[in-house]
Amino acid sequence: MPLLIHSQHFHDTEGRLAFPSLLDEAHRLVSRFEGFIALRRLVPEGVGAAGECHLMVEFADQETWNAWVASPEHDLIAAKMMGHWTREPLVRVFQAL
């Protein structure tokens, strides 16, 4: 079953501005991985949502997701994002039925 991973990132101002380009870079890297389906930036609507950074990544299954998370490419993108974190991201994993 497909796996959907939603993450909400909390960045400083510089990180929020860099987030779209970091996602472009992440997409170039992750799209080479077997089982990768999609990477989307989510933009919340409403009051107070302007500074939020969300993404949704979809993989074919848990095994292919785990391969991405264990990869040096994932570590590279994570390190670039971590430099701007104001706190740990919130990550939730869902199965598509």
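In short, a report on the structure. What you see is a predicted model, and the numbers here were worked out from it, not measured in a lab.

**A closer look at the packing of aromatic side chains**
Next, step 1: What the rule picks out here adds up to 3 aromatic pairs.
Next, step 2: Aromatic pair Phe36 and Phe59: ring centres 5.8 Å apart, planes at 75°, arrangement edge-to-face. One end of the pair, Phe36, is in strand E2 (residues 36-42); the other, Phe59, is in strand E3 (residues 53-59), and 23 residues separate them in sequence.
Next, step 3: For the pair Phe59 and Trp65, a centre-to-centre distance of 5.7 Å together with 65° between the ring planes defines the contact as edge-to-face. There is no split in this pair, since Phe59 and Trp65 are both buried.
Next, step 4: Note that Arg87 overlies the ring of Phe10, its terminal NZ or CZ placed 4.0 Å from the centroid.

**Looking at helix H2 (residues 62-69)**
Next, step 1: Within H2, burial applies to Thr64, Trp65 and Trp68. Down the axis of H2, the buried set is contained in an arc of 105°. They therefore lie on one face.
Next, step 2: Along its buried surface, H2 packs onto strand E1 (3-11), helix H1 (13-30), E3 and helix H3 (72-82).
Next, step 3: Capping the start of H2 is the job of one residue whose side-chain oxygen sits 3.2 Å from the backbone nitrogen of Glu63: Asp61.

Definitions and cut-offs
Residues numbered from 1 in each chain as written. Predicted model: local features only at pLDDT ≥ 70, side-chain atom pairs only at ≥ 80, totals over all residues. Heavy atoms only, no water. Phe/Tyr/Trp six-rings, centres within 6.5 Å; stacked < 30°, edge-to-face > 60°. Helix = DSSP H or I, 4+ residues; strand = E, 2+ residues; numbered from the N terminus. Buried < 20%, exposed > 50% of the residue type's maximum accessible area, 1.4 Å probe, protein only. Lys NZ or Arg CZ within 6 Å of the ring centre and 35° of its normal. Arc of directions from axis to C-beta. Contact = heavy atoms within 4.5 Å. Polar contact = N/O pair within 3.5 Å; in protein donor to acceptor, adjacent residues only side chain to side chain.

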